[in-house]
Amino acid sequence: MKKIRAAVFASGAGSNFQAIMEKNDLLCEVALLVCDKPGASVLEKAEKFGVPTFVFDSEEYASKSDYEKDLVRKLQQSDISWIFLAGYMRIVGPTLLRAYKNRIINIHPSMLPEFPGKDAIGQAFKAGVSDTGVTVHFIDEGIDTGPIIAQEPVEVFKDDTVETLKERIQLVEHRLYPIVINRLMK
Ligand code: GRF
């Protein structure tokens, strides 16, 4: 049977993209990597895995809806039916949301609704909480507000630094995201 075709959207290092690609029994094919940062290291990873890329620079477009129209065109040409956001540092607008309703998920490094937005790990660290975690959720028009699909807590240790906490959170992300993706593909 033909596998579902998915796109990963990323802006940075791409460690979650790599974790998805390294899952042996992934029930979909990552057929496209979309990146809004020319030069981001995730692009080298895509090349290594032989995943085609679509790179865009938002500054070359007049508006979000303009670049999202281009994105939707590219996604449809590539027969993409699901989108996995993995460190994509842009708010998804109505053009993309409407085209992929209930088919866009995101991974966020906190137990939402706690610590939404940027630098969730730094926010949790500063707040001095004893637990934080990871959330996978559907995307809606808000920032990190869509329906939650899965969560896993991560303890904050007394001797943690932001860096050691981030390392442990990312280990959970890399295990959890591919599992949740497989659950959704069934
Ligand atoms: C991850 O921590 C993810 O939760 C957040 O952005 C980070 C991306 O890291 N949304 P990477 O690019 O996958 O290494």
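Our subject is the structure listed above.
Residues numbered from 1 in each chain as written. Predicted model: local features only at pLDDT ≥ 70, side-chain atom pairs only at ≥ 80, totals over all residues. Heavy atoms only, no water.

The next point concerns the sheet that holds strand β7 (residues 148-155). The strand order across the open sheet formed by seven strands is β3-β2-β1-β4-β5-β6-β7, and the pairing between neighbours is mixed. Lying at the two open borders of the sheet, with one neighbouring strand each, are β3 (53-55) and β7. Recorded for the sheet is a direction-independent mean angle of 20 degrees between the axes of neighbouring strands. Looking at chain direction, strand β6 (residues 131-138) and β7 are connected through seven bridges and run antiparallel. Each residue of the ladder has a partner; that of glycine 133, found in β7, is proline 153. Together, β1 (4-10), β2 (28-35), β4 (82-85), β5 (104-108), β6 and β7 form the strand contacts of helix α6 (residues 162-185), whose direction differs from that of β7 by roughly 155 degrees. (Pairing = 2+ DSSP bridges. Helix = DSSP H or I, 4+ residues; strand = E, 2+ residues; numbered from the N terminus. Axes fitted to C-alpha atoms, helices over the stretch in contact; angles between N-to-C directions. Contact = heavy atoms within 4.5 Å.)

Moving on, we come to the nonpolar core. In terms of nonpolar packing, the biggest core is built from 36 residues, with Leu33, Phe84, Ile105, Tyr177 and Ile181 touching the most fellow members. In terms of residue count, α6 provides more of this core than any other element does, eight residues in total. Apart from the residues within four sequence positions on either side, isoleucine 105 is in contact with Trp82, Ile83, Phe84, Leu85, Val136, His137, Phe138, Ile139, Ile149, Tyr177, Ile181 and Leu184. Among the nonpolar cores identified, the runner-up in size contains 21 residues, and Tyr67, Leu85, Val92 and Leu96 belong to it. (Core = buried A, V, L, I, M, F, W, Y, C linked by side-chain atoms within 4.5 Å. Buried < 20%, exposed > 50% of the residue type's maximum accessible area, 1.4 Å probe, protein only.)

Taken together, Ala13, Gly14, Ser15, Asn16, Gly87, Ile107, His108, Pro109, Gln170 and Glu173 make up the full set of residues near the ligand. Taking isoleucine 107, its main chain carries an N or O atom lying 3.0 Å from a nitrogen atom of the ligand. In this structure, an oxygen atom belonging to the ligand sits 3.3 Å away from a side-chain N or O atom of glutamine 170. Here the ligand loses 84% of its free accessible area of 360 Å² to cover by the protein chains. Among the secondary structure elements, those contributing two or more residues to the shell around the ligand are α1 (15-22), β5 and α6. Across the shell around the ligand, the residue classes break down as three nonpolar, six polar and one charged. (Near = heavy atom within 4 Å. Polar contact = N/O pair within 3.5 Å; in protein donor to acceptor, adjacent residues only side chain to side chain. Areas by Shrake-Rupley, 256 points an atom, 1.4 Å probe, with all protein chains shown as cover. Nonpolar A, V, L, I, M, F, W, Y, C, P; charged D, E, K, R; others polar.)

Viewed as axis vectors pointing N to C, α1 and α6 meet at an angle of 50 degrees, and their least axial separation amounts to 9 Å. Taken together, the axes of α1 and α6 lie oblique to each other. Both α1 and α6 take part in a crossing whose hand is right-handed. Note on element contacts: α6 touches α1 through Gln170, Glu173, His174, Tyr177, Pro178 and Ile181, opposite Ser15, Asn16, Ala19 and Ile20. (Parallel < 35°, antiparallel > 145°, perpendicular 65-115°, else oblique. Left-handed = near helix turned anticlockwise from the far one by under 90°.)

Quick look at α6 now. For α6, built from 24 residues, the straight-helix expectation of 34 Å at 1.5 Å per residue is met to within 8% by its first-to-last C-alpha distance of 34 Å. Turning to α6, its buried residues are Leu165, Ile169, Val172, Glu173, Leu176, Tyr177, Pro178, Val180, Ile181, Asn182 and Met185. (Expected span 1.5 Å × (residues − 1).)

Under the defined criterion, the tally for this structure stands at eight salt bridges. Its salt-bridge partner being aspartate 25, residue lysine 23 comes within 3.3 Å of it at the nearest N-O pair. Overall, the relative accessible area of 25% leaves lysine 23 in the partly exposed class. Linking lysine 37 and aspartate 36 is a salt bridge whose minimum nitrogen-to-oxygen distance equals 3.7 Å. Through salt bridges that share partners, Asp36, Lys37 and Arg90 make up one connected network. (Salt bridge = Lys/Arg side-chain N within 4 Å of Asp/Glu carboxyl O.)

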